[in-house]
Amino acid sequence: MEFDVIIIGMGISGISAAIYAKNSGLHVLMLEKDVPGGLLNRINKINNYPGYAEISGPDLSYQLFESVQKLNIPYKKAVVKEIIVKNNVKKVITDIETFTCKNIILATGRVNNRLGLENEEELVGKGISTCALCDGNLYKGKEIAVVGGGNSALEEALYLANIVKKVYLIHRRDTFKAEKNLIDEIKRKENIEILLNSNVTKLIKVEDKLDKIVINNNKELNISALFTYVGFVPNSRFVKNLNIVDEEGYIEVDSCYETKIKGIYAVGDSIKKEIYQLITAANDGVVASISIIKKTKNK
Ligand SMILES: Cc1cc2nc3c(=O)[nH]c(=O)nc-3n(C[C@H](O)[C@H](O)[C@H](O)COP(=O)(O)OP(=O)(O)OC[C@H]3O[C@@H](n4cnc5c(N)ncnc54)[C@H](O)[C@@H]3O)c2cc1C
């Protein structure tokens with residue numbers, strides 16, 4: 001069976017694309033390696049998505065999944081390993097089976113970067129985290145640190161400050177690059193100590209758990225957890241063979257979100273763009289989907 005379009009990733013960009021494709025009668029399949037909703041499942045509070053004065057990420061994720069179910073959009077849990085394009089036929093190779101289709105929308109998002117320190121990988125889940133909503137409650141009443149200077153780091157620091165005893169907010173530069181309202185809120189929070197011009201230089205473990213960190217090679221902080229928000233890596237390794245990514249791994253697309261390979265599109269956080277937000281991710285998915293719909297119907 002050949003699908004009109006396979007959408008890889010069930011975050012907001014992929015689901016937005018799928019809604020339009022299904023409503024226009026295309027034969028569509030969604031593939032997701034984890035749970036529907038993607039990054040949404042890790043966001044505490046959203047107050048900038050039209051239609052919702054305030055909603056939690058998991059609640060919005062659930063609403064999106066309801067649309068998938070209501071519209072009977074087919075989906076499967078599968079990890080996409082590779083895409084092979086031969087004579088205009090596209091094969092999506094996954095851990096469960098291989099699917100064939102005319103068009104593909106890559107909606108695979110991006111993940112947090114690591115600091116690149118010794119012991120870091122083995123301490124993930126044992127004191128190191130990139131998800132305050134998932135792990136914050138484990139550190140109730142404890143002292144923790146957050147690393148980063150952008151919106152994600154500051155949003156997460158604020159969320160954690162309401163749970164833990166104290167947050168050290170560590171940033172390597174002398175100013176934050178987050179939005180002004182977030183910076184103002186951080187400065188007002190009494191249990192957040194800001195450490196600017198500071199780098200985490202060492203992770204010290206005791207019995208396989210994070211015990212201390214060293215800042216700037218000279219200052220030790222006794223903390224129970226370290227939450228890191230130091231940039232992102234796009235989930236695009238599985239399309240490396242197609243030669244459609246830039247040097248940072250972001251997928252390169254034109255104004256219709258099509259890559260240089262005809263029929264392969266990319267949307268959302270996995271592409272290089274100015275604004276990485278829910279509404280822009282949804283927009284990308286819709287534009288790519290409509291482009292495929294028009295081409296399919298005009299044939
Ligand atoms: C802490 C934080 C707070 C944020 N707060 C806001 C906010 O308040 N407002 C706002 O507008 N935006 C916010 N954002 C940004 C917003 O969450 C993202 O821009 C948006 O969710 C991206 O959606 P996406 O569909 O592109 O990717 P994702 O939601 O990341 O979805 C990608 C999906 O692809 C799947 N996938 C990846 N690789 C594969 C594979 N090989 N095979 C199968 N499936 C795969 C993943 O499992 C995932 O489910 C925030 C981001 C963060 C990190």
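Note that the structure is a prediction, hence the values are computed from the model and not measured.

Criteria and cut-off values
- Residues numbered from 1 in each chain as written.
- Predicted model: local features only at pLDDT ≥ 70, side-chain atom pairs only at ≥ 80, totals over all residues.
- Axes fitted to C-alpha atoms, helices over the stretch in contact; angles between N-to-C directions.
- Helix = DSSP H or I, 4+ residues; strand = E, 2+ residues; numbered from the N terminus.
- Left-handed = near helix turned anticlockwise from the far one by under 90°.
- Contact = placed C-beta atoms within 7 Å.
- Nonpolar A, V, L, I, M, F, W, Y, C, P; charged D, E, K, R; others polar.
- Near = placed C-beta within 6 Å.
- Domains from an automatic or database assignment.
- Expected span 1.5 Å × (residues − 1).
- Buried ≥ 20, exposed ≤ 12 C-beta atoms within 10 Å, placed from the backbone.
- Pairing = 2+ DSSP bridges.

A. Highlighting the packing of helix α5 (residues 151-161) against helix α6 (residues 180-188). Their axes nearest at 10 Å, the elements α5 and α6 cross at an angle of 35°. Note on packing geometry: the crossing formed by α5 with α6 is left-handed. Contacts between α5 and α6 involve Asn-151, Leu-154, Glu-155, Ala-157 and Leu-158 on the former and, on the latter, Leu-182, Ile-183, Glu-185 and Ile-186. For the contact of α5 with α6, the per-class residue count stands at six nonpolar, one polar and two charged.

B. Highlighting the site of the ligand. Neighbouring the ligand are 35 residues, the closest being Gly-9, Gly-11, Gly-38, Gly-109 and Gly-268. Within the residue set of the shell around the ligand, elements represented by two or more residues are α1 (12-23), β2 (28-32), α5 and α7 (278-297). Inspection of the shell around the ligand shows a minimum of three residues originating in each of domain 1 (2-111 + 232-297) and domain 2 (114-228).

C. Structural detail: α1. An ideal rise of 1.5 Å per residue puts 16 Å on twelve residues; α1 measures up with 17 Å between its terminal C-alpha atoms. The buried fraction of α1 amounts to ten of the twelve residues, a majority that puts the element mostly inside the structure. By the burial criterion, the buried members of α1 are Ile-12, Ser-13, Gly-14, Ile-15, Ser-16, Ala-17, Ala-18, Ile-19, Ala-21 and Lys-22. Where α1 is buried, its residues touch β1 (2-8), β2, α2 (57-70), β6 (98-106) and α7. Immediately beyond the C-terminal end of α1, within one or two residues, lies Gly-25, with a positive phi of roughly 90°.

D. Fine view of the domain arrangement of the protein. Domain parsing of the protein yields domain 1 (2-111 + 232-297) and domain 2 (114-228). The distance between the C-alpha centroids of domain 1 and domain 2 comes to 31 Å.

E. View of the sheet that holds strand β14 (residues 219-222). Judged by pairing direction, the sheet is antiparallel, and its three strands sit side by side in the order β12-β13-β14 without closing on themselves. Each edge of the open sheet is held by one strand with a lone partner, namely β12 (200-206) and β14. For this sheet the average axis-to-axis angle between neighbouring strands, irrespective of direction, equals 30°. Where strand β13 (residues 209-215) meets β14, four bridges bridge the pair, whose relative direction is antiparallel. Looking at β14, one finds that Ile-215 is bridged to Lys-219.

F. Structural view of unusual backbone geometry. In this model, Asn-87 sits at a positive phi of 50°, which is unusual for a non-glycine residue. Along the chain, Asn-87 falls in the loop between β4 (80-86) and β5 (89-94). Note on Asn-87: 4 C-beta atoms within 10 Å, which makes it exposed. Of note, Asp-208 is a non-glycine position whose phi angle comes to about 70°, a positive value. Summarising the element assignment, Asp-208 is placed in the loop between β12 and β13. The class of Asp-208 is exposed, set by 11 C-beta atoms lying within 10 Å.

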